Amino acid sequence: MISKKVVLRFPKDIADKPLISDICKKYDLTFNIMKANIFPRKEGVLTLEISGNDESFYKGIDYLKENGVELTFVEESIKRDEDSCYHCGFCVAVCPTQALTIEDRKTMRVELYKDRCIACGYCVKVCPVKAMSLDSDI
Ligand code: SF4
Ligand code: SF4
């Protein structure tokens, strides 16, 4: 079983194709919508958590790519510059998923769990030293 958060960009010419329902039917995958920017006859961007067995998951991902969907895995896109971060905790206060969290109250170190990130970008906006970043295509 595998479950990953992905950002899917649907160019205008394929925005009306039922590709997500296709992968659910063809490969027995399930999904949760984390974020959606969809407008009729325009490019659409969806952030989904897609789940299924390992082989089916990657077949579904390949199917989306073959049909023109531009796809980015969220956990590969969120980054922290460890040299710049001084563990102030501002980002912890705004992170909706506890991808950024403080576990050790003695050190107050801010931990980053990339697999929990949903690419909302709030941490990028509040970090005073710009230590947090998301790939520009997200
Ligand atoms: S806001 Fe920036 S400097 Fe502060 S803990 Fe988060 S990443 Fe580090
Ligand atoms: S983009 Fe930043 S604030 Fe948003 S979920 Fe990811 S780590 Fe948390």
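Residues numbered from 1 in each chain as written. Chains lettered and ligands numbered in written order. Predicted model: local features only at pLDDT ≥ 70, side-chain atom pairs only at ≥ 80, totals over all residues. Heavy atoms only, no water.

Draft legend 1. Expanded view of the site of ligand 1. As a structural note, the neighbourhood of ligand 1 is formed by 13 residues, with Cys85, Cys88, Gly89, Cys91 and Cys127 the closest of them. Here the shell around ligand 1 is built from residues that sort into 11 nonpolar, 2 polar and no charged. (Near = heavy atom within 4 Å. Nonpolar A, V, L, I, M, F, W, Y, C, P; charged D, E, K, R; others polar.)

Draft legend 2. Focus on the domain arrangement of the protein chain. Per the domain assignment, the segments of the protein chain are domain 1 (2-68) and domain 2 (76-134). Here domain 1 and domain 2 have C-alpha centroids that lie 27 Å from each other. With 5 residues of domain 1 at the interface, the matching set in domain 2 holds 6 residues. For the pairing of domain 1 and domain 2, the buried interface totals around 360 Å² over both sides, and the portion due to carbon and sulfur atoms is 55%. Of all residues in domain 1, the largest losses of buried area upon contact with domain 2 belong to Lys5, Met34 and Lys35, amounting jointly to 81% of the total for that side. (Domains from an automatic or database assignment. Contact = heavy atoms within 4.5 Å. Buried area = accessible area lost by both parts, 1.4 Å probe.)

Draft legend 3. Molecular detail of helix α1 (residues 19-27). When we look at burial in α1, the residues that qualify are Leu19, Ile20, Asp22, Ile23, Cys24 and Tyr27. Looking at the packing, one finds that the buried side of α1 touches β1 (2-10), β2 (30-37), β3 (44-52) and α2 (54-66). A positive backbone phi angle near 60 degrees is found at aspartate 28, which sits one or two residues after α1. (Buried < 20%, exposed > 50% of the residue type's maximum accessible area, 1.4 Å probe, protein only. Helix = DSSP H or I, 4+ residues; strand = E, 2+ residues; numbered from the N terminus.)

Draft legend 4. Main features of the sheet that holds β2. Read across the sheet, 4 strands follow the order β2-β3-β1-β4 without closing on themselves; strand pairing throughout is antiparallel. The open sheet has two free edges, formed respectively by β2 and β4 (70-73), since each of these has just one partner strand. Across the sheet, the axes of successive neighbouring strands diverge by a mean angle of 25 degrees, strand direction being ignored. Two strands pair when backbone bridges link them, and β2 and β3 are joined in this way by 7 bridges, in the antiparallel orientation. Paired with isoleucine 33 across the strands is leucine 48, a residue of β3. Packing against the sheet, α2 makes contact with β1, β3 and β4, and its axis sits at approximately 5 degrees to β1. (Pairing = 2+ DSSP bridges. Axes fitted to C-alpha atoms, helices over the stretch in contact; angles between N-to-C directions.)

Draft legend 5. Spatial organisation of the nonpolar core. Core analysis: the largest hydrophobic core is formed by 20 residues, its most contacted members being Leu8, Phe10 and Leu64. Every element with two or more residues in this core is listed here: β1, α1, β3, α2 and β4. If near-sequence neighbours (up to four positions away) are discounted, leucine 8 is found in contact with Ile20, Gly44, Val45, Leu46, Leu48, Leu64, Val69, Glu70 and Leu71. Grouped together as the second largest cluster of nonpolar side chains are 18 residues, Cys85, Ala99, Val110 and Cys127 included. (Core = buried A, V, L, I, M, F, W, Y, C linked by side-chain atoms within 4.5 Å.)

Draft legend 6. Local environment of the environment of threonine 72. Its location among the elements puts threonine 72 in strand β4. Under the relative-accessibility criterion, threonine 72 is labelled buried at 14%. Between the alpha carbons of threonine 72 and valine 6 there is a distance of 5.6 Å; along the sequence they are 66 residues apart.

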